[in-house]
Amino acid sequence: MPVSYAKLFERMAQKGIKKIDLRNTYKINPKTVDSLVNNRSVTVDTIIQLCEILDCQPGDIMEYVKEPVAGVQ
């Protein structure tokens, strides 16, 4: 999936929120946290929840990363 959540983890660090807090404090499913860590797809509901937690917009926590097309340079 061509998405990066690097911005999410940067913003979390700025706010002093750890991955374990997403699970324990905010009750985000551990599989969802794993998907975020591994830059896999998550639901829009999860993105909205993260935006509410971090008081931000979706573009502040994720970005589209274009994948190279096979055979094209």
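Residues numbered from 1 in each chain as written. Predicted model: local features only at pLDDT ≥ 70, side-chain atom pairs only at ≥ 80, totals over all residues. Heavy atoms only, no water.

J.: How would you explain the overall build of the protein if you had to name every residue and give the values?
T.: Scanning the protein from N- to C-terminus turns up four helices and two strands. Seen in sequence order, the protein has helices and strands lined up from the N terminus as β-α-α-α-α-β. Seen through its C-alpha atoms, the protein measures out along the principal axes to roughly 45 × 20 × 20 Å. Counting over 73 residues, the protein shows a buried share of 29%. Taking the contacts inside the protein whose residues are at least 6 apart along the sequence as the reference set, 64% of them involve residues at least 24 apart. (Helix = DSSP H or I, 4+ residues; strand = E, 2+ residues; numbered from the N terminus. Buried < 20%, exposed > 50% of the residue type's maximum accessible area, 1.4 Å probe, protein only. Contact = heavy atoms within 4.5 Å.)

J.: Before we move on, can you summarise the environment of Met12 with the specific residues and values?
T.: Its place among the elements puts Met12 in helix H1 (residues 6-15). Note on Met12: relative accessible area 1%, which makes it buried. In sequence terms Met12 and Ile61 are 49 residues apart; their C-alpha atoms lie 9.1 Å from each other.

J.: Which residues make up helix H4 (residues 44-54), and what values do they have?
T.: For H4, every residue scored as buried is listed here: Thr46, Ile47, Leu50, Cys51, Ile53 and Leu54. Taken end-on, H4 shows its buried residues confined to a sector of 160 degrees, consistent with a single buried face. Turned more than 90 degrees away from the buried face of H4, the exposed residues are Val44, Asp45 and Glu52. On its buried face, H4 is in contact with H1, helix H2 (19-24) and helix H3 (30-37). Positive backbone phi, approximately 50 degrees, marks Asp55, located one or two places after H4. (Arc of directions from axis to C-beta.)

J.: So what's going on with the environment of Pro58? Which residues, and what values?
T.: Summarising the element assignment, Pro58 is placed in the loop between H4 and strand S2 (63-64). Every residue in contact with Pro58, bar those within four places of it in the chain, is listed here: Ile47 and Cys51.

J.: Tell me about H3, residues and numbers included.
T.: Every buried residue of H3 is accounted for by Thr32, Val33, Ser35 and Leu36. Summarising the axial view, the buried residues of H3 lie within an arc of 155 degrees, below the 170-degree limit, and thus occupy one face. At its buried positions, H3 is contacted by H1, H2 and H4. Between the side-chain oxygen at the start of H3 and the backbone nitrogen of Lys31 there is a gap of 2.7 Å, and the oxygen is on Asn29. Asn39, located one to two residues past H3, shows a positive phi value of around 55 degrees. (Polar contact = N/O pair within 3.5 Å; in protein donor to acceptor, adjacent residues only side chain to side chain.)

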